[in-house]
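Letter by letter, the chains look like this.
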Amino acid sequence: DMHMIYNKQAAKRMGIDEEGQVCVMIHCGSRGLGHQVATDALIEMERAMKRDNIVVNDRQLACARINSDEGQNYLKAMAAAANYAWVNRRISPLHTAVISY
């Protein structure tokens, strides 16, 4: 339960009205998925950069032409990760509501 409210204005916007109120916070980050998408893309883009003679100052800035296979693969992978995150954020509260009753 909520023991102390430090910022009453912010708390009110989140529906927290009083001390002692039960609050549930759901963290549904997909850090592992995001890291895997980035790692896979980095490997593919480094090959594309070599092929297309693209030079950057930092490996983390690896890139590929947007219309290349690598660029399109990256966009598709990021879209899939975003879809996963969106659905996860919509489903998690539903499961929490069922469990809490």
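Our structure is the block above this text.
Rules of the game
Residues numbered from 1 in each chain as written. Predicted model: local features only at pLDDT ≥ 70, side-chain atom pairs only at ≥ 80, totals over all residues. Heavy atoms only, no water. Helix = DSSP H or I, 4+ residues; strand = E, 2+ residues; numbered from the N terminus. Buried < 20%, exposed > 50% of the residue type's maximum accessible area, 1.4 Å probe, protein only. Salt bridge = Lys/Arg side-chain N within 4 Å of Asp/Glu carboxyl O. Expected span 1.5 Å × (residues − 1). Arc of directions from axis to C-beta.

1. Here's the deal with the environment of Ala41
In this structure, Ala41 sits in helix H2 (residues 31-52). Assessed through its relative accessible area of 9%, Ala41 is described here as buried. Residues Ala41 and Gly20 lie 21 residues apart in sequence; the distance between their C-alpha atoms is 47 Å.

2. A closer look at the pattern of salt bridges
Pairs can form between side chains of opposite charge once their charged atoms are near each other. In total, this model carries four salt bridges according to the counting rule given. Between Arg51 and Asp52 there is a salt bridge, with its nearest N and O atoms 3.0 Å apart. With relative accessibility at 48%, the residue Arg51 sits in the partly exposed group. Measuring nitrogen to oxygen at the nearest pair gives 3.9 Å for the salt bridge that ties Arg65 to Asp52. Of the two residues, Arg65 is situated in the loop between H2 and helix H3 (69-100) and Asp52 in helix H2; the sequence distance between them amounts to 13 residues. Several salt bridges converge on common partners, so that one network encompasses Arg51, Asp52, Arg65 and Glu70.

3. Some details on H2
Over its 22 residues, H2 runs 30 Å from end to end, which matches the ideal 32 Å to within 8%, given 1.5 Å per residue. Turning to H2, its buried residues number three or more, namely Val37, Ala41, Leu42, Met45, Ala48 and Met49. In an axial view of H2, the angular spread of the buried residues amounts to 145 degrees, which keeps them on one side of the axis. Across H2 from its buried face, at more than 90 degrees, point the exposed residues Gly32, His35, Arg47 and Lys50. After H2 finishes, the residue Asn53 shows a positive phi value of roughly 55 degrees.

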